[in-house]
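Architecture and fold: a report
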2 protein chains.
Amino acid sequence: MTQEPRLVEVRKNILKQNDVVARELRSEFRRSNVFVVSLVSSPGSGKTAFLEKILTLLRPRYRVAALVGDLATENDALRLARSGAPVKQITTGTLCHLEAAMVRNALQTWDLAQLDFLFIENVGNLVCPSSYDLGENLRLVLTSVTEGEDKPLKYPTIFHSADVALLTKMDLSQAVEFDEPTALANIQAVRPGMQVLRVSAKTGLGMKEFIDFLGSRRAGPREMHVSL
Amino acid sequence: MTQEPRLVEVRKNILKQNDVVARELRSEFRRSNVFVVSLVSSPGSGKTAFLEKILTLLRPRYRVAALVGDLATENDALRLARSGAPVKQITTGTLCHLEAAMVRNALQTWDLAQLDFLFIENVGNLVCPSSYDLGENLRLVLTSVTEGEDKPLKYPTIFHSADVALLTKMDLSQAVEFDEPTALANIQAVRPGMQVLRVSAKTGLGMKEFIDFLGSRRAGPREMHVSL
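Residues numbered from 1 in each chain as written. Chains lettered and ligands numbered in written order. Predicted model: local features only at pLDDT ≥ 70, side-chain atom pairs only at ≥ 80, totals over all residues. Heavy atoms only, no water.

A few points about the overall build of chain A
Secondary structure assignment for chain A yields 8 helices and 7 strands. Over its C-alpha trace chain A gives a radius of gyration of 17 Å, about what one expects of a compact globule, namely 17 Å for 228 residues. Each principal axis of the C-alpha atoms in chain A carries an extent, and together these give about 50 × 45 × 35 Å. Across chain A, every contact between residues at least 6 apart in sequence was considered, and the portion connecting residues at least 24 apart equals 73%. Put simply, chain A shows about 9000 Å² of open surface, and 52% of that area lies on carbon and sulfur atoms. The averaged location of the 26 negative side-chain charges in chain A is 4 Å from the averaged location of its 28 positive side-chain charges. (Helix = DSSP H or I, 4+ residues; strand = E, 2+ residues; numbered from the N terminus. Rg over C-alpha atoms; globule rule 2.2 N^0.38 Å. Contact = heavy atoms within 4.5 Å. Areas by Shrake-Rupley, 256 points an atom, 1.4 Å probe, with all protein chains shown as cover. Lys, Arg positive; Asp, Glu negative; His and termini not counted. Charge placed at Lys NZ, Arg CZ, Asp CG, Glu CD.)

Shown next, in the form of structure tokens:
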């Protein structure tokens, strides 16, 4: 543990460097008029299923694309590609989060001006991604009803760094005896006033509302993501 | 990204230091004749519910205790304490894993010789805990049926570092249309020969088998945890 101060210092440098790249990305996104949405959650909370559905629903109206991060495999990119949207996988090896530089590298061959929406699905992790700004306009934190009601209390940082929370797999809510009022109260306890949307990629619950919400966010004044 | 080589170097030092403490812990566990089991999984896969059940079932026959790691809150310690076993919470702040030194600190006031089993529930994370040896005899990786079948392929390192895999929340298997053969094949693809146990803390499925398994592991020749 005597090395800790040195690690913290190096980490701060890396974070600072990440912020520099994130700022460049944000400017580029603004210039290209593309609205960028990132998704964070623990593994298995349904990010990919939700995103596949969203890409499919958005495509008739908007030009969409996605980046997806994972330690290994191209599985999620293949799943998302079924939507017909351009998709790129970023494999992070043993790293538990995406960094702005990885996003920049992955975007090198894409013309962002040809896109209305870009989605970035982060590595499944409720801890690491919270500190890394990716220049996105909107950060969504997803938590599935199968994970229980206490996640906001136990992983507050990710709820602080996100803009909107999504309760996913709502179709399983009865099967797992999900206590929705408690879950909502826990989110509000950690992040008072946080907007929460209830969705199910399986039944389609809340998908139209989410699409409308995205459309209005894109049309309205751009909101910058601010790390708290 | 130019800082990366320096970070890697510092990280290696910290890992090496962790190994030194883990080795000391392992010797201490052996001297005290306590069998130490750690649990790793993503958030919400049912570690705490499973462990509460196990502590309750073991208590009539064995002297048991537990340490539990979380970024914030003492909630899990309170839940586990309902079993009647001594429990201590380790809060890690923003750190996504437990380290051997944290375990050593938490154990300072406990007489390990008075214990048959010590359980260590790690922070909910499928990435970070894999690199940190805690001196445990047995490392369990839990993955719930609600997380889908692909987790072993996407988070191979944690399956490499664990000794046994547990499929949890088996009671929800039908509700989520869990494809068990595929999940088992994925585990074997990543870690050929890995032992897999199917459990449900809710219905009690597989709990007796798990208790018997633990008893035989404790009685049999101690197996050292080897990080691969």
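Having seen the model, we can carry on.
A closer look at the relation of the copies chain B and chain A
Overlaying chain B with chain A gives an RMSD of 0.0 Å, the required rotation being 180° about an axis along which the chain moves by 0.0 Å. Here the copies are linked by what is in effect a two-fold axis. In this assembly the copies share their binding face: 98% of the residues contributing to the interface of chain B also contribute to that of chain A. (Least-squares fit on C-alpha atoms with pLDDT ≥ 70 in both.)

Quick word on the nonpolar core
Among the nonpolar cores identified, the biggest contains 46 residues, and Val141(A), Phe159(A), Val141(B) and Phe159(B) are the most heavily contacted of them. Breaking this core down by element, the ones donating at least two residues are α6 (156-161), β6 (164-168) and α7 (180-190) of chain A together with α6 (156-161), β6 (164-168) and α7 (180-190) of chain B. Val141(B) has contacts with Val40(B), Leu126(B), Ile158(B), Phe159(B), Ala162(B), Val164(B), Ala165(B), Leu166(B) and Met194(B), leaving out every residue within four places of it along the chain. If you look at the next biggest cluster of nonpolar residues, it comprises 30 residues, including Leu39(A), Val68(A), Ala77(A) and Leu197(A). (Core = buried A, V, L, I, M, F, W, Y, C linked by side-chain atoms within 4.5 Å. Buried < 20%, exposed > 50% of the residue type's maximum accessible area, 1.4 Å probe, protein only.)

Here we look at α7(A)
All names here are of chain A. Where α7 is concerned, the buried positions are Glu180, Ala183, Asn186, Ile187 and Val190. An end-on view of α7 places all buried positions within 125° of arc, on one side of the element. Residues of α7 that are exposed and point more than 90 degrees away from the buried face comprise Pro181 and Ala189. (Arc of directions from axis to C-beta.)

A short note on the pattern of salt bridges
A complete count under the given rule lists 28 salt bridges over all chains for this structure. Of the charged contacts in the structure, one is a salt bridge between Arg104(A) and Glu24(A), with a shortest N-O distance of 3.0 Å. With Arg104(A) in helix α4 (residues 100-107) and Glu24(A) in helix α1 (residues 4-32), this residue pair connects regions lying 80 residues apart in the sequence. Between Asp150(A) and Lys154(A) there is a salt bridge, with its nearest N and O atoms 3.7 Å apart. Taken as a pair, Asp150(A) and Lys154(A) share a single burial class, namely buried. Residues joined in a network through salt bridges with shared partners are Asp70(A), Asp76(A), Arg79(A), Asp150(B), Lys151(B) and Lys154(B). (Salt bridge = Lys/Arg side-chain N within 4 Å of Asp/Glu carboxyl O.)

Section: the pairing of strand β5 (residues 138-144) of chain B
Residue and element names in this part refer to chain B. When you tally the buried positions in β5, you get 7 out of 7 residues, the bulk of the element. Burial along β5 is two-sided: Leu138, Leu140, Leu142 and Ser144 and Arg139, Val141 and Thr143, pointing in opposite directions, are all buried. Two elements, strand β1 (residues 35-40) and β5, share 4 bridges in a ladder whose sense is parallel. Note on β5: the bridge partner recorded for valine 37 is leucine 138. (Pairing = 2+ DSSP bridges.)

Focus: the environment of Arg191(A)
Residues and elements named next belong to chain A. Residue position: arginine 191 is located in the loop between α7 and β7 (195-198). C-alpha separation for the pair arginine 191 and phenylalanine 159, spaced 32 residues apart in sequence, amounts to 6.8 Å. A polar contact is formed between the side chain of arginine 191 and the backbone oxygen of histidine 160, at a distance of 2.9 Å. (Polar contact = N/O pair within 3.5 Å; in protein donor to acceptor, adjacent residues only side chain to side chain.)

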